[in-house]
Amino acid sequence: MSATLESEVRTRRGVTTSLHRTELVLAAVAVLGFTALAVTTQGNILQAGTLRAVLQFLAVPIVIGLAQMVVLAVGQMNLSVGVLTGLCAMVSASLMSDTGLPPWLAIPAGLAVGALVGLANGVLVVLTRINGFIVTLATMSVVSGLRYGINGTGTYQDYSPGLVALGRADVLGLPVVFLAAIATAVAVWVFFARSVAGRMLLASGGNPFAARLSGISNDRSLVVAHTLSGLLAGVAGVLVVALAGSVNASVGDDLLLPSFAAPIIGGVALTGGVVSVLGTCLAAFIVRLVDVAQAQYGINPRWVDLVVGAVVLGAVLVSQRRGRGSS
Amino acid sequence: MKETREVDVQAETEPRKETEVDASDTRRRVRRRGVEEPPPGASPTPRLPWWANPRVGLVVVIAALVALFSSARPAFLDVDLTLVPLQRDISVFVVVGLAQLAVLSLGHMNLAVGRMAALSAFAAGLAYDRFDAPLVVGLVVALVVGAAIGAVAGAIITATGVNSFVVTLALDFGLLGVVALLYDRFAGGVAFSTRPPGMDELRSDTFFDYCIGPVCGPPVPLLLPFALVALVLVGLFFGRSRNGREVLMTGASLRAARLSGIPVGRRVVTAHALSGLLAGLAGFMLAMTNGAFSASIGDSFLLPSFLAPVLGGTLLAGGAVSALGTALGATLTSVIQKGLNLLQFEADALQIFIGVVLLVALSLDRVRQVLAERRGVRA
Amino acid sequence: MRVVCTQLVKLFPGVRALDGVDLDLRPGTVHALLGENGAGKSTLIKVLTGVHKADGGTVLVGEGDDEPDRPVVFSGPSDAQTAGIGVVHQERNLVPAFSVAENIALQALPSRAGLVDRAGVREIARRCLAMLDLDLDLDRPVAELSVAHMQLVEIAKALATDSQVLLLDEPTASLTAEEADRLYDVVRRLREQGHVVVLVTHKLEEVFAIADVVTVLRDGRSVAGSVPLSSLTRSDVVDLMVGRAHTERELQAREVDRSTTPALELRGVSTSVGHRDVDLAVHRGEIVGLYGLVGAGRSELVRALLGLDSVTGGSVLVDGRSVTIRSVGDALRRHRIGYVTENRKEEGVFLTQTVTRNVAVTVWDRLARLGLVAERRERDLLATYQERLGIRLSGPTQLAGQLSGGNQQKISLAKWLAADCSVLVIDEPTVGIDVRTKAAFHELIVQLSEQGLAILLISSDLPEMVALADRVAVMHERRLTGEVENSHDYAAMSGRIIRLVHGEQAADAPPAA
């Protein structure tokens, strides 16, 4: 029996050390990939326009990956992040177009919707004791319906030229939406690394028994995690509104699986207790690089999915090997 | 003094299922209480009262909905307009649900269920297009390809020990690309234009179109028997066959299964291969219903694949499945869909309804369980 | 702080787990809590830490060494903690990814404006570690620490909430001798500072090395309530723990025919998990005991034998033929070797499955007709073993998780008997099983051997060993240190076996952590 115990300790020991190494490896891959792209495209990718596009379209993947990471931290999943992003985008756009609300009111409203749906997810998980996967599967269906309910299959555009101009603007040569995503990532990092609430959430995810004995409410951690996940989906929705200039109810359809890919590549465990904001961001960047490479070389876009699949599996395999090797 | 330690270690190393709610303290406490301090000797029969059986609830709800829809819209009982297409939908989604059920038995998931269907359908389409294969050969090709890709998923999971969620997620990405590339290369677009002989009949005929003398068959689409056969075989596999039961035992406790002489690795591969095979069958059936082998087959399989078994009372934890429940779950969602369609609800309202039904059904299930526990019966 | 428990009673359906326990915990003492498996130690700990609520008796708490006057009722673990009672399990109470400092301060994280005050956290951790005279890297994640250090961090954590009473549950079970010494130093320090340290252990040397007071539990009663250890000898303590139970259970020495080919024989076996030169033979109709301390590598040897780890040298012979066993299935179907695991709940039975399936799992291929298992034959099989082993069931669809420990163990045994095994390895068969069931189980094991099974019995329960085995082989640190023919004379046998366990201990280097 002590063997079981020791092996348990050993696997856990692997977790933290291998996480830092995962971040390092991802950073190296990101730098190498970017350099390789820059060299093979004769510096094309470094031109202001291209670089802007690279970073602009990195914003939503980063935030959506974080939205999933937050619930993975407590060992849960949130299947509704994608459609919720769409719903929040539609709500913001609708408030501006249909009711003429100014952006500075419509944006918080979009965020509030995200947080509320997240709160509902969390409360449902805690109250019903049903697996979070199933609960969010159900709310995903509901949210997806609501998303279409706002404007059917119609498209909102020209809701706020000011906002869209801001979404396409640069500060210090960097796109505003990208900076917003980075700011969000920093906030999430501070939350997990420094805030009491964030630490409690991680404690619940890492060892619910110890957390309970330390006076931490695991139920509360679940609700907080889901609410935060919803809020981040709201942020992603707002970024889409600012970036795209036109939104319709299909926003978010293709975000669910990528939302898992980024944290998983980034070294976040499905069992909870460990997060990596940096890893998630780097993973999103690497996936984005694959996209860029496809566009630059004019490769069939279908290869992108294939490569992303390989990267997901490869990343997990490599970190697992290392986890084993280090013990 | 090993006794205390045993309990401690057990709590610590209690294997966490990938998505199991960690903080579901109550449930765990209940379970642990049930396990740790059972009365010695005989305890009450574990058989839940009939009303705590989710299948019964499903039948009642389905019957109520059918009554409701048909009283609101008599067209709901129209054979050609509603009932035949409804049966076709149900047939496909039962098989899709069974494909997911096959791995839920292990406590695993198959996120690539739709893409496995797409790849299988592609293979069948290729057989018809390039090799003028007869209808049944295409079916066999689809099944074989599906089973093979499922087995690959299972083998990766066994060999690497990576979570099934991650492996099938990666596989889904990969297959998404592969399927599109294959259609590009071999069909010059997104679909095969060839239709094998017999496809049109399989698609639109019912047994009513076939008569022996004056006696004609019931208005049941020709596709339905495919689902029925799959249902019965899956039910027998998990209920009665050695392999199927060993899969369930592996799902119930991997370590106990290994120590009972079950080849757990092979059983994981078996379950995933079965999942792929059923996904292949579903892909073939959907291609038949659509009348074309296209890259978009399987796109919408993922959610229904979970809906049907979960509504039918199969847990994500593994170790227990209900094939019949899956069929009822698929029936319920299809009935809701058709009914709301007839009542001219938009697609969005429909999704909301399905989501709410799922939540309500599961919450009721939970209430039933709690009530049953209070009556001294442990679920 | 002084805690006095009087006549504590805890009932579980059908069992009086605690049946009048008295306990007097005085500040500045190390209090050993002793008892055999199933005597009620774990239940007592759970009552003291608020995990279980007592069904009778009182707990009084008082300041200093005064006669306590304040009755307390714990309705949850946090109540006990607030009252100043902390428990230290083996590293389960820590968050692996968190630093040492944060784990220690987790119960009341100092904060400023919602952010963790890291300096404050360190301050608390430093203070608690200083009380233990420990120097650990505060920023290191506990997941990277050794088990011994994790335990020390847990003690520090308990001190952070001002625990005056510390319950240490089998603290040295997975520690090396050096690490254990270090822990004892910490325990002595705590005693000097006026804490009560309750030491739950089964190592008598440990008790006599550091404890001042002892409470011995037997069958849920305190047969010695808070007695100064100085007034007792070692054999007094053993007598108190065992009572006369072992003499009652004593069996006659049996004649075993060892002239035949052994059913299972190991010749110079070494394994990938560190066993070297293991020679062992089990004949038909014989019970061979494999004794050793927890962690000596007995179960690990069997696991290697069954193909769960690998045999790297020497040879394994079944009925005289040299074999290679690749998996449990291989062992079962080709060589008819069964293994009743020590870890009943996780490996022995499928808790969520019916008893019928639990018993039939090894023989479905035999029960199947045309690939389908005939449920009637399955139920007949269950009925056979239900009768033969005396398993108490409410019906064939009862779930294994609903059975008592003894009945679960019988189910775990039945599946191997159903598979018609000729060699049975039985690992810690009576852990956590009450005394009466235990006796019945012992008789069952003897019966099985008389029916011609070759049985290898692994047990850490010395009276059990002496009662059952024909020969006892002793393992220490993955080597066999000797073999003793069982005379069934407990006093003589226990002496010889214990000497074998400890005789080598000083010579060997401590095991790697």
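The rules behind each value
- Residues numbered from 1 in each chain as written.
- Chains lettered and ligands numbered in written order.
- Predicted model: local features only at pLDDT ≥ 70, side-chain atom pairs only at ≥ 80, totals over all residues.
- Helix = DSSP H or I, 4+ residues; strand = E, 2+ residues; numbered from the N terminus.
- Rg over C-alpha atoms; globule rule 2.2 N^0.38 Å.
- Contact = placed C-beta atoms within 7 Å.
- Buried ≥ 20, exposed ≤ 12 C-beta atoms within 10 Å, placed from the backbone.
- Pairing = 2+ DSSP bridges.
- Axes fitted to C-alpha atoms, helices over the stretch in contact; angles between N-to-C directions.
- Nonpolar A, V, L, I, M, F, W, Y, C, P; charged D, E, K, R; others polar.
- pLDDT = per-residue confidence, 0-100.
- Expected span 1.5 Å × (residues − 1).
- Parallel < 35°, antiparallel > 145°, perpendicular 65-115°, else oblique.
- Left-handed = near helix turned anticlockwise from the far one by under 90°.

### Here we look at the overall build of chain A
Stage number 1. Per the secondary structure count, chain A includes 14 helices and four strands.
Stage number 2. For a compact globule of 327 residues, the expected C-alpha radius of gyration is about 20 Å, and chain A comes in at 20 Å, within 12% of that figure.
Stage number 3. Seen along its three principal axes, the alpha-carbon backbone of chain A occupies a region of about 65 × 50 × 35 Å.
Stage number 4. Look at the contacts in chain A between residues 6 or more apart in sequence, and 79% of them connect residues 24 or more apart.

### What to know about the overall build of chain B
Stage number 1. Check the secondary structure of chain B and you find 15 helices and four strands.
Stage number 2. Each of the 379 residues in chain B was classed as buried or not, and the buried ones make up 55%.
Stage number 3. Contacts spanning at least 24 positions in sequence make up 75% of the contacts within chain B whose residues lie at least 6 apart.

### Describing the sheet that holds strand 22 (residues 454-459) of chain C
Residue and element names in this part refer to chain C.
Stage number 1. Taken in spatial order, the six strands line up as 18-21-22-15-23-24 in an open sheet, and their pairing is mixed. The open sheet has two free edges, formed respectively by strand 18 (337-340) and strand 24 (479-485), since each of these has just one partner strand. Taking the axes of each pair of neighbouring strands and ignoring which way they run, one obtains an average angle of 20 degrees across the sheet.
Stage number 2. Inspection of the sheet shows strand 15 (residues 287-291) paired to strand 22 by five bridges, in the parallel sense. Bridging from a neighbouring strand, I287 pairs with I455 of strand 22.
Stage number 3. The sheet strands contacting helix 10 (residues 298-305) are strand 15, strand 18, strand 21 (423-427), strand 22 and strand 23 (471-476), and the helix crosses strand 21 at an angle near 145 degrees.

### Topic: the interface of chain A and chain B
Stage number 1. Across the contact, 56 residues belong to chain A and 52 residues belong to chain B.
Stage number 2. Listed by contribution, the elements that provide at least two residues to the side of chain A that touches chain B are helix 1 (2-40), helix 5 (103-128), helix 6 (132-151), helix 9 (196-206), helix 10 (208-213), helix 11 (218-244), helix 12 (256-265) and helix 14 (302-326) of chain A.
Stage number 3. Of the residues assigned to the side of chain A that touches chain B, the class counts are 30 nonpolar, 20 polar and six charged.

### Brief notes about unusual backbone geometry
All names here are of chain C.
Stage number 1. Positive phi outside glycine occurs at R336, with the angle close to 55 degrees.
Stage number 2. Position of R336 relative to the elements: it lies in the loop between helix 11 (328-335) and strand 18.
Stage number 3. Here the phi dihedral of R478 falls at roughly 65 degrees; this positive angle occurs in a residue that is not glycine.
Stage number 4. Counting through the fold element by element, R478 comes out in the loop between strand 23 and strand 24.
Stage number 5. Of the residues examined, R478 has 21 C-beta atoms within 10 Å and is grouped as buried.

### Quick word on the sheet that holds strand 13 (residues 264-271) of chain C
All names here are of chain C.
Stage number 1. On the basis of which strands lie adjacent, the open sheet formed by four strands has the order 14-13-16-17 and antiparallel pairing. Every other strand in the sheet has two partners, leaving strand 14 (278-282) and strand 17 (321-323) as the edge strands with one partner each. The average angle at which neighbouring strand axes cross in this sheet is 20 degrees, direction not considered.
Stage number 2. The pairing of strand 16 (residues 311-318) with strand 17 spans three bridges and is classified as antiparallel. Its bridge partner being in strand 17, V318 is matched across the sheet by R321.
Stage number 3. Together, strand 13, strand 14 and strand 16 form the strand contacts of helix 10, whose direction differs from that of strand 16 by roughly 75 degrees.

### Let's talk about the confidence of the model for chain A
Stage number 1. For chain A, per-residue confidence averages 84 on the pLDDT scale, and residues scoring 70 or more make up 91% of the total.
Stage number 2. Contacts of residues 1-14 of chain A to residues separated by more than four positions or lying in other chains number 27 contacts, the stretch itself having pLDDT below 50.

### Focus: helix 7 (residues 164-187) of chain B
Residues and elements named next belong to chain B.
Stage number 1. With 24 residues, helix 7 extends 32 Å from end C-alpha to end C-alpha; this agrees with the ideal 34 Å at 1.5 Å per step.
Stage number 2. Burial analysis of helix 7 places 19 of its 24 residues in the buried class, which makes it a mostly covered element.
Stage number 3. G188 lies just past helix 7 and shows a positive phi near 60 degrees.

### Some remarks on the packing of helix 3 (residues 54-72) of chain B against helix 14 (residues 323-342) of chain B
Residue and element names in this part refer to chain B.
Stage number 1. The N-to-C vectors of helix 3 and helix 14 enclose an angle of 20 degrees; their axes lie 10 Å apart at closest approach. Judged by the angle between their axes, helix 3 and helix 14 are roughly parallel. The way helix 3 lies across helix 14 gives a crossing that is left-handed. Of helix 14, the residues touching helix 3 (which contributes P54, R55, L58, V59, V61, I62, L65, V66 and F69) are L324, G325, L328, G329, T331, L332, V335, I336, G339 and L342.
Stage number 2. Of the residues assigned to the contact of helix 3 with helix 14, the class counts are 14 nonpolar, four polar and one charged.

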